[in-house]
Amino acid sequence: MTTTPMPPETERSSAPLLAALDLTPDGDDTFLGTHQVIPSGRAYGGEIVAQAERAMSLTVGDDRRIISLHGYFLRAGDVDDKTRWEVERVRDGRGFSHRAVRGTQHGKEIFRAMAQFGVPTTGIEHDQTIPDDAGDPETLPSTADALSGADTRDAQYWRYHRSFDIRHAPSSLYTTPDGERGRSQFVWLRAWDRLPDDPDLHRSALTYVCDYTLLEPILRHHGAAWALDGVVTASLDHAMWWHHDGRMDDWVALVQDTPFAGRGTGLGTARLFAHDGRLLATVVQEGLVTLP
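What counts and what doesn't
Residues numbered from 1 in each chain as written. Predicted model: local features only at pLDDT ≥ 70, side-chain atom pairs only at ≥ 80, totals over all residues. Heavy atoms only, no water. Core = buried A, V, L, I, M, F, W, Y, C linked by side-chain atoms within 4.5 Å. Buried < 20%, exposed > 50% of the residue type's maximum accessible area, 1.4 Å probe, protein only. Contact = heavy atoms within 4.5 Å. Pairing = 2+ DSSP bridges. Helix = DSSP H or I, 4+ residues; strand = E, 2+ residues; numbered from the N terminus. Expected span 1.5 Å × (residues − 1). Polar contact = N/O pair within 3.5 Å; in protein donor to acceptor, adjacent residues only side chain to side chain. Phe/Tyr/Trp six-rings, centres within 6.5 Å; stacked < 30°, edge-to-face > 60°. Axes fitted to C-alpha atoms, helices over the stretch in contact; angles between N-to-C directions. Parallel < 35°, antiparallel > 145°, perpendicular 65-115°, else oblique. Left-handed = near helix turned anticlockwise from the far one by under 90°. Nonpolar A, V, L, I, M, F, W, Y, C, P; charged D, E, K, R; others polar.

### A few points about the nonpolar core
Counting residues in each nonpolar core, the largest one holds 58 residues, and the members touching the most others are Phe 164 and Leu 272. Each residue touching Phe 164, except ones within four places of it in the same chain, is listed here: Leu 17, Leu 189, Arg 190, Ala 191, Trp 192, Ala 205, Tyr 208, Val 209, Tyr 212 and Met 248. Of all hydrophobic cores here, the second largest spans eleven residues; its members include Ala 134, Trp 188, Trp 251 and Leu 279.

### Quick word on the pairing of strand S12 (residues 279-290)
Judged from the ten bridges that link them, strand S9 (residues 232-242) and S12 form a sheet pairing that is antiparallel. Looking at S12, one finds that Met 240 is bridged to Val 283. Of the pairings in the sheet, the one linking strand S11 (residues 265-274) to S12 comprises nine bridges and is antiparallel in character. Among the inter-strand pairings, Thr 269 is bridged to a residue of S12, identified as Val 284. Taking the residues that link successive antiparallel strands as the turn, the S11-S12 hairpin has four residues, and the phi of Gly 277 there is positive, at about 100°.

### So, helix H2 (residues 45-57)
In this model H2 runs 18 Å from its N-terminal to its C-terminal C-alpha over 13 residues, within 8% of the 18 Å that 1.5 Å per residue would give. Counting buried positions along H2 gives 13 out of 13 residues, so the element sits mostly inside the fold.

### Looking at helix H5 (residues 199-209)
For H5, the tally of buried residues reaches nine of eleven residues, placing the bulk of the element in the interior. Taking the backbone nitrogen of Asp 200 as reference, a side-chain oxygen 3.0 Å away marks Asp 198 as the first, capping residue of H5.

### Considering the side chain of Asp 154
Inspection of the secondary structure assignment puts Asp 154 in the loop between helix H3 (143-146) and helix H4 (155-161). Classification of Asp 154 as buried rests on a relative accessible area of 15%. Reaching out from Asp 154, the side chain makes a polar contact with the side chain of Arg 153 at a distance of 3.1 Å.

### What about the packing of aromatic side chains?
One pass over the full model with this rule turns up eight aromatic pairs. Ring centres of Tyr 44 and Tyr 212 lie 4.7 Å apart, and the angle between their planes is 15°; this geometry places the pair in the stacked category. Of this pair, Tyr 44 sits in the loop between strand S2 (30-33) and H2 while Tyr 212 sits in the loop between H5 and helix H6 (216-221), and the two are 168 residues apart along the sequence. The class of Tyr 212 is buried, set by a relative accessible area of 5%.

### Observations concerning the side chain of Gln 185
Tracing the chain through its elements places Gln 185 in strand S8 (residues 184-191). Taking the relative accessible area as the measure of exposure, Gln 185 reaches 3% and is therefore buried. Polar side-chain contacts of Gln 185 include one of 2.8 Å to the side chain of Glu 216. In this structure the side chain of Gln 185 is engaged in a polar contact, spanning 2.8 Å, whose partner is the side chain of Arg 220. Setting aside residues up to four positions removed in sequence, Gln 185 forms contacts with His 168, Ala 169, Pro 170, Leu 173, Thr 213, Glu 216, Pro 217, Arg 220, Leu 254, Val 255 and Gln 256.

### Brief notes about the packing of H2 against H5
It is the contact of H2 with H5, at a shortest axis distance of 7 Å, that shows an interaxial angle of 150°. Taken together, the axis directions place H2 and H5 in an arrangement best described as roughly antiparallel. Considering only the axes of H2 and H5, their crossing is right-handed. For the pair H2 and H5, the contacting residues are Gly 46, Glu 47, Val 49, Ala 50, Glu 53 and Arg 54 in the first and Asp 200, Leu 201, Ser 204, Thr 207 and Tyr 208 in the second. Of the residues assigned to the contact of H2 with H5, the class counts are four nonpolar, three polar and four charged.

Structure (structure tokens):
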């Protein structure tokens, strides 16, 4: 794998998100996706999941919206190579559709997933609301504030090249494990730019953000940070359920927790809430976690 240098500092933008979701048709139910260059040289996991979701969504009727996705990371993606997404139309029923997708690079499979889509209907309703102690994102330090003076490998990417303004409570874990240890945290995020008025795109953008910090509560509980020597993480699988629709160019809160770590892996969970308190999605992810 060749690690491509990061581009120079530019004004913060959501362009990498939009570029990742702009899949190119390459035959029947087949699409090509490009990847944002990041310091590790490995494609960002949320970008991979979002492209898989996007590819499957492009093969269902306009009357259906995504309900759930279950996927597995099989190999690291190379940022310098396009990913080929091949969608299988598993079933189309009156109320539900099912799709499977495989992503390949260099002839090898890097990700596989299956998703369910449905025609919205009316029925019983209840949902959780955002916790009262989630705080006000406008009062929290930005990533640039948190990384003032930092010169670690990923600092420039974290500061300038992510598509979202990301703010932590109680504190970020980029370079040092500041604050008290604990198994939970809040992460607020919002796209830097106004996004198109396309509900499908906002659902894909919701998918995109879910790999940024999902394993962080594990690090927080054990007093670790991303940039510490010996910290190694890798996403293994990803499960997601979409609830209400929302906009990703408004503040969205990830209410995160870790119920378990063991056998070299850890489990991270998140509930994603719109700024007005509506529950947008639920996510669960298992990852490889090695700490010094």
